Amino acid sequence: MRIQKLGAAIVITAMLTLTACGAGSNGASSGEDGKPVLKMAALEGGYGKEMYSQVIAAFEEQFDVDVELTISKSIEDEITPGMKAGKYPDVVVLGQGRSAGLTETLIKDKGLEDLTDVLSIQVPGEEQTLKDKLVDGLIGTLGTNPYGDDRTYLMPMYYSPTGLVYNKGLFEQKGWEVPKTWDEMFALGDQAKSEGIALFTYPTAGYLDSFFFALLADVGGLEFYDKVMNYEQAIWQTSKAKQALDTTAKLLSYASDTTVAYANEQDFTKNQQAILDNKVLFMPNGTWIAGEMADAPRAEGFQWGLTPIPTVKGGGDRYIVTSMESVWVPSQAKNKDLAKEFITFLYSDKAAEIFAKSNAIQPIKGISEQLTGENQSFYSVYDEPNVKALVGGFVSTSPVEGVNIKTTLFDTANSIISGEKTVDDWQADLNEASEKLRAAK
C-alpha cells in the first residue's frame, strides 16, 4: 500500500536540522551475544510484514548477525523520535510520496548515504554484481539519483506499473473497449454515466502522480516532461501545461460523487471499493491494489485490469509510470558497511523469491517471466504496443518554506472537483511553486 498524501514535512525538517550538528558514531554496534546488530526500519504496506521476517532470518543465518526490525504502517512516527535523539536506523525501506515526507526531507538535507558503490558489490552467493542483476533503465533516474548526477542514494526495492486500474470483467460483459485516446475516454464516460456508472475516482489525490507524470509526457513529449520536472522558467505558463490541466479538469468532471469525501487516509479504501462494486470504471493505482483489496467483496466476474492513461492523439507512445519503493541508508547510520551488505542480499535469488510470494516484485532481470495470475496481467502492460515505462519525478531542491509542488499539482484536484478552484488558479499556483523551486535548485 502506498498511502501517499504529499504534505510539507516541516516538523521533520526541524527535527533533522537539530540533529545535523551531532552525527551519530560510525562505529558498528553489537548485541549481548557479540554479534553485529543491524537496525532495519520498513513501511508495512500492502505486502505485509512476514516477508521481511523471512528475509531477515535468511540473512542472519548466512552472515551470523542480528537484525532488529521496526515495521509499521506509520513508520515515520516510529523512527523519528529516535532520529531526533541521534539514533538512526541503519537501513530504511521507505519510498517517496507520503504525507510525512521523511525520504524527501532527507534528500533535501543531504541526509542519505551514497550507495553508488553498492552497485558493484557481488550479490551474496551469486556471480553477478547488483548492477548487472537489476533491470536496465532504473538506476540513474531521479528516483535513484535525486541530485541529477551519477551518484546513487536510493536503491529501487520494488517496482510496479502504475496506471488506470479497472474491472476487465465489466468491460467484457458490456462489450466495451478500453479507451486509448481522450476522445474515446470521454465518450465512454458519457455512456457509462447513462448507466449510473462514474468514469473516474482516486483513492487520495496523491495517487494522481501515476496519472500526471504520464499525461505531461504524452502532451509534450519527454523533453517537455523533463523541463517540468526541472522547473524550467515559466514552464507552467505554456500552452502544453494548460492542455494537461484542462484535460485533467475535464476528467475530474466525470469523477464519482464520493471521491473527495473519501480521499483521505482513513476512508481511501471506500473509493477503491467503488471499482470492485462497478460504481466507477477507472482509478489510478498500482499492482499492490490486488493484495490490498484481496478480502474485499466484489462484483461477479471481477478481474483486475491495468492500462496506461489515454493519449491526446491515437497511435503515439503511451506512458506507464513505474512506481518504485526505495531502500536507503541514513548518512548518520552506525553500521553503514553492514547495511550495504544487507541491501545487496535483498536482491539475491533467495530474498527475491520470498518477496515475490508476497507480490513484492523487485526490478531483477527475468523475474517477470516467473509471475502468474494477477501479477502476470499487471506486468504484461509493458508488452503492449507503443507502451513505454516512465520513471522519475521532480528534481530535488533546497527546502523552500511553504512550497511542495507535488501537493499543489495533485491535491488541488480535490478543489477542482469541489469548485473551490479553477484551472487558472491551479496553473498560477503551479507556476509560483515551480519558480520558487527553480530558484532553490
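Residues numbered from 1 in each chain as written. Predicted model: local features only at pLDDT ≥ 70, side-chain atom pairs only at ≥ 80, totals over all residues. Heavy atoms only, no water.

**Quick notes on the overall build of the chain**
In plain terms, the rule: We count a stretch as a helix when DSSP gives it H or I for four or more residues in a row; a strand needs E for two or more, and each element gets its number in order from the N terminus. The globule rule used for comparison is 2.2 Å times the number of residues to the exponent 0.38, while the radius of gyration itself is calculated over C-alpha atoms. It only takes one pair of heavy atoms within 4.5 Å for two residues to be counted as in contact. Values of accessible area rely on a 1.4 Å probe in the Shrake-Rupley scheme; residue burial ignores everything except the protein chains shown. A positive count includes Lys and Arg, and a negative count includes Asp and Glu. His and the chain ends are not counted in either. Just so you know, the charge point we use is NZ for Lys, CZ for Arg, CG for Asp and CD for Glu.
Check the secondary structure of the chain and you find 17 helices and nine strands. Rg of the C-alpha trace for the chain: 22 Å, near the compact-globule value of 22 Å for 441 residues, within the 12% margin. Summarising its shape, the C-alpha atoms of the chain cover approximately 70 × 50 × 35 Å along the three principal directions. Looking at the chain alone, contacts between residues at least 24 apart form 78% of all its contacts between residues at least 6 apart. Surface accessibility of the chain: about 18,200 Å² in total, with carbon and sulfur atoms responsible for 45%. Taking the average location of the 39 positive side-chain charges in the chain and that of its 61 negative ones, the two points are 3 Å from each other.

**Looking at the confidence of the model for the chain**
Quick note on the threshold: Predictor confidence is given residue by residue as pLDDT, running from a minimum of 0 to a maximum of 100.
Looking at the chain as a whole, the pLDDT averages 89, with 93% of positions reaching at least 70. Confidence drops under pLDDT 50 across residues 1-26; counting only partners more than four residues distant or on other chains, this segment forms 77 contacts.

**Comments concerning helix α16 (residues 405-418)**
Because each turn of an α-helix spans 3.6 residues, side chains separated by three or four positions in sequence point in the same direction. This is how the line gets drawn: Each residue after the first adds 1.5 Å to the expected span of a helix. Think of it this way: the bend at a residue is just the angle between two axes, each fitted to seven residues, one set ending at that residue and the other starting at it. When a residue's accessible area, from a 1.4 Å probe over protein chains only, is under 20% of the maximum for its type it is buried; when over 50% it is exposed; and in between it is partly exposed.
End to end, α16 covers 20 Å across 14 residues, agreeing with the expected 20 Å (1.5 Å per residue, within 8%). Considering bend angle alone, the principal kink of α16 is centred on T412 and spans about 35 degrees. Of all 14 residues in α16, 11 are buried, a share of seventy percent or more. When α16 is considered as a whole, its buried residues turn out to be I405, K406, T408, L409, F410, D411, T412, A413, N414, S415 and I416.

**Re the pattern of salt bridges**
As a reminder of what qualifies: Any carboxyl oxygen of Asp or Glu that lies within 4 Å of a side-chain nitrogen of Lys or Arg is treated as forming a salt bridge with it.
Counted under the stated rule, the structure contains 18 salt bridges. Ionic pairing is found between D246 and K242, a salt bridge with its closest N-O pair at 3.0 Å. Taken together, the residues span about one helical turn, with D246 and K242 both in helix α9 (residues 239-252) at a distance of four residues. Linked through salt bridges whose partners overlap, the residues forming this network are E126, K133 and D349.

**A look at unusual backbone geometry**
The residue D64 is not glycine, and still its phi comes out positive at about 55 degrees. Within the fold, D64 resides in the loop between α2 (50-63) and β2 (66-72). Positive phi, normally seen in glycine, also occurs at Y231, with a value near 60 degrees. The topology assignment puts Y231 in the loop between α8 (209-229) and α9.

**Description of the nonpolar core**
The criterion, for reference: Buried Ala, Val, Leu, Ile, Met, Phe, Trp, Tyr and Cys residues form a nonpolar core when they are joined through side-chain atoms within 4.5 Å.
By size, the foremost hydrophobic cluster in this structure holds 69 residues, and its most contacted members are W304, Y347 and F355. Tallying contributions element by element places α2 first for this core, with six residues. The next biggest cluster of nonpolar side chains, apart from the first, holds 59 residues, and it includes Y202, L215, V395 and A433.

**Overview of helix α14 (residues 349-357)**
As a reminder of what qualifies: Working note: the arc is built from the helix axis to C-beta atom directions.
Listing the buried residues of α14 in full gives A351, A352, I354 and F355. The buried residues of α14 occupy one face: seen down the axis, they fall within an arc of 160 degrees. In this structure, the buried residues of α14 make contact with α2, β4 (155-167) and α13 (336-345). Of the residues flanking the end of α14, it is N359, one or two places downstream, whose phi is positive at about 65 degrees.

**What to know about the side chain of T322**
This is how the line gets drawn: By the criterion applied in these results, polar contacts are pairs of N or O atoms within 3.5 Å in which, for protein atoms, one can donate a hydrogen and the other can accept it, and in which residues neighboring in sequence qualify only through two side-chain atoms.
Following the sequence through the fold, T322 ends up in strand β8 (residues 318-328). A polar side-chain atom of T322 sits 2.8 Å from a polar atom in the side chain of Y382. Among all residues touching T322, those that are not within four sequence positions of it are Y159, S160, Y382, A389, L390 and V391.

**A look at the packing of aromatic side chains**
Just so we agree on the cut-off: Centre distance within 6.5 Å is the pairing criterion for rings of Phe, Tyr and Trp, where only the six-membered ring of Trp is used; planes under 30 degrees apart are then read as stacked, over 60 as edge-to-face, and the remainder as tilted.
Going through the model one piece at a time under the given rule, you end up with 26 aromatic pairs. Consider the rings of Y166 and F171, whose centres lie 5.2 Å apart with planes at 70 degrees: the pair is edge-to-face. In this pair, the class of Y166 matches that of F171, namely buried. Judged by centre distance (5.7 Å) and plane angle (90 degrees), the ring pair of F212 and W426 falls under edge-to-face. With F212 in helix α8 and W426 in helix α17 (residues 423-439), this residue pair connects regions lying 214 residues apart in the sequence.

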